[in-house]
Amino acid sequence: MALRAASRFICPSKIATPALTLRPLPVIARQSRLLSTTAVTRMAAPSNAAPFYQGEPEAPVVKTDIPGPQSKKEIEQLNEVFDTRALSLLTDYDKSFGNFIADRDGNLLLDVYAQIASIPVGYNNPALIKAAQSHEAINGLVNRPALGTFPPHDWAHILKTGILKVAPKGLNQVFTAMAGSDANETAYKAAFMWRRAHERGGHHVEFTEEELNSAMQNQAPGTSNLSILSFKTAFHGRLFGTLSTTRSKPIHKVDIPAFDWPQATFPQLKYPLEKHVEENRAAEQASLDEVEHLIKTYHNPPAAVIVEPIQSEGGDNHASPDFFRKLRALTRKHNVLLIVDEVQTGVGATGKFWAHEHWDLPEPPDMVTFSKKAQTAGYYFGNPELRPNKPYRQFNTWMGDPARAIIFRAIIEEIERLDLVAHTARVGNYLYGKLEALAAKYPGQFENLRGKDRGTFIAFDNPRRDEFLVRAKKFGINIGGSGKEAIRLRPMLTFQERHADLLVDALEKIVLSFKE
């Protein structure tokens, strides 16, 4: 399918300063560049794949070790005032462009990690720069509204033309937030308030004096014993409530007080899927049976079940659409809410705007949380009962950020203009096919390849994962891991076939370097 690419982006080096030149350039029709060095069998790339970013590098540039001398100097300075122990790359964002990330030593890497899946349409995207320079965005930044009490007069318009324009089917309202953890945590609160209102007999029933007084002592009946059911190896954030549902790595949780909340086993599928149909079906049914048992018997009753369409931080774990349809039916059967955490999977990465669209649900989830590629955060909902019965119950000073909502609107417009969801689905299939060829050629190096028909949301396991990630930078690739052994791909929506060729060429070189 031809891309509706009416214009192309401008390289930062060609943008006049201080006034940014944002006028679109005409399309330059050329074929995707194919590398001649890789030994992997080529798959034909579409001839109409003109570059989204005019002037984007043809290939990565690696000049020094990473970090290089200038980066090391500046990292040392930064470490005096800021914890740098998790630092991966000291980035020069002025020189980063499109799908490439730059460091302070002149190295330019193909970025298939994208700020932990958070960059949707490339670095220094002119449409986003233009939106950030708009009167609306500047007004929101300078005057920073406390949205719950002093929203701007055009807040409804901003929401309806942006965040709500892409709301999942059946969900027509939004509670805006600051980050993914915040979005999930406020969704949990909504679930608890909804459940307790039902137990009292409805939203119209007033709180008792005993409830009000005991809540101030963190005691029942004002403080409930409800819970949120999550899955093993899940990740939902690092705030106090979300951390109790995060089960991916102990380093996130150790020393932190936690709620006594249940966890079910997420299906551990075997790959390739077509060779393990019955085993995988049994694993999914066992998981569903465990969920139902916990809903019915856990001593702190679940008000909601939260699930990621693809467990990301926990190792890129998948389940079938049938599993999620049955999970939706199960939560409905027991009057428990279903929260779908689309913080990492949302906004086009899986070849659908929302990953749960792949499930073909007969009815929508109760809430869908979002952040990362949206560049803002919150949760969608449709049931009016998920609005608390009183003001200030779901509240904080900012309740989101109008400037970030405006950026998300610009992101949506770019996605629509360039048809990037369909584009990502197509490029994902192209990339997956090339990775299948690599896996066949190098047994044991690209194990459990997963993410077929899920856009570019692809992962594989490698026995030397941590060293693999380090070596990737030497070959011009910025890539990330998840779980214990997984290497996950999180490219931007502007990732094209030519970038896939660069990536696959580098991955093969990394594998060969282990044999040297």
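The shown structure was predicted, so the numbers you read here are calculated from the model rather than taken from an experiment.

**A short note on helix α11 (residues 321-333)**
For an α-helix, 3.6 residues make a turn, and residues three or four places apart therefore share a direction. Between its first and last C-alpha atoms α11 spans 18 Å; for 13 residues at 1.5 Å apiece the expected length is 18 Å, and the two agree. Within α11, the full set of buried residues consists of F323, F324, L327, R328, L330 and T331. All buried residues of α11 lie within an arc of 165° about the axis, which places them on one face of the element.

**What about the environment of A282?**
Mapped onto the secondary structure, A282 falls in helix α10 (residues 277-297). Owing to a relative accessible area of 47%, A282 belongs among the partly exposed residues under this scheme. Placed 13 residues apart in sequence, A282 and L269 show a C-alpha to C-alpha distance of 9.7 Å.

**Things to note about the sheet that holds strand β8 (residues 302-307)**
Pairing in this open sheet of seven strands is mixed, and the strands run β5-β11-β10-β9-β8-β6-β7 from one edge to the other. At either margin of the open sheet sits one strand with a lone partner, and together these are β5 (173-177) and β7 (263-264). In terms of strand pairing, β5 meets strand β11 (residues 377-381) through five bridges, oriented antiparallel. Each bridged residue has a counterpart across the sheet, and for A177 the counterpart in β11 is A377.

**Observations concerning the domain arrangement of the protein chain**
Assigned domains of the protein chain: these are domain 1 (130-417) and domain 2 (419-462). If you average the C-alpha positions of domain 1 and of domain 2, the two centres end up 28 Å apart. With 20 residues of domain 1 at the interface, the matching set in domain 2 holds 16 residues. The contact between domain 1 and domain 2 buries some 1,400 Å² in all, and 62% of this surface belongs to carbon and sulfur atoms. Per-residue buried area on domain 1 facing domain 2 is highest for Y271, D316 and I415; these three make up 33% of the total on that side. Here domain 1 and domain 2 share zero salt bridges between them. One can count eight residue pairs in polar contact (both at pLDDT 80 or more) joining domain 1 with domain 2. The leading source of residues in the side of domain 1 that touches domain 2 is helix α12 (residues 402-417), at four residues. When the residues that make up the side of domain 1 that touches domain 2 are grouped by side-chain class, the tally is six nonpolar, nine polar and five charged.

**Some details on the nonpolar core**
The biggest cluster of nonpolar side chains holds 75 residues, and the ones touching the most others in it are F231, L327, F353, M367, Y380, F408 and I415. Not counting chain neighbours up to four residues away, the residues in contact with F231 comprise R247, A264, T265, F266, S287, V291, V305, I306, V307, Q311, F323 and L327. Membership of the second largest hydrophobic core comes to 33 residues, among which are L108, L438, L449 and L469.

Quick notes on the rules
- Residues numbered from 1 in each chain as written.
- Predicted model: local features only at pLDDT ≥ 70, side-chain atom pairs only at ≥ 80, totals over all residues.
- Heavy atoms only, no water.
- Helix = DSSP H or I, 4+ residues; strand = E, 2+ residues; numbered from the N terminus.
- Expected span 1.5 Å × (residues − 1).
- Buried < 20%, exposed > 50% of the residue type's maximum accessible area, 1.4 Å probe, protein only.
- Arc of directions from axis to C-beta.
- Pairing = 2+ DSSP bridges.
- Domains from an automatic or database assignment.
- Contact = heavy atoms within 4.5 Å.
- Buried area = accessible area lost by both parts, 1.4 Å probe.
- Salt bridge = Lys/Arg side-chain N within 4 Å of Asp/Glu carboxyl O.
- Polar contact = N/O pair within 3.5 Å; in protein donor to acceptor, adjacent residues only side chain to side chain.
- Nonpolar A, V, L, I, M, F, W, Y, C, P; charged D, E, K, R; others polar.
- Core = buried A, V, L, I, M, F, W, Y, C linked by side-chain atoms within 4.5 Å.

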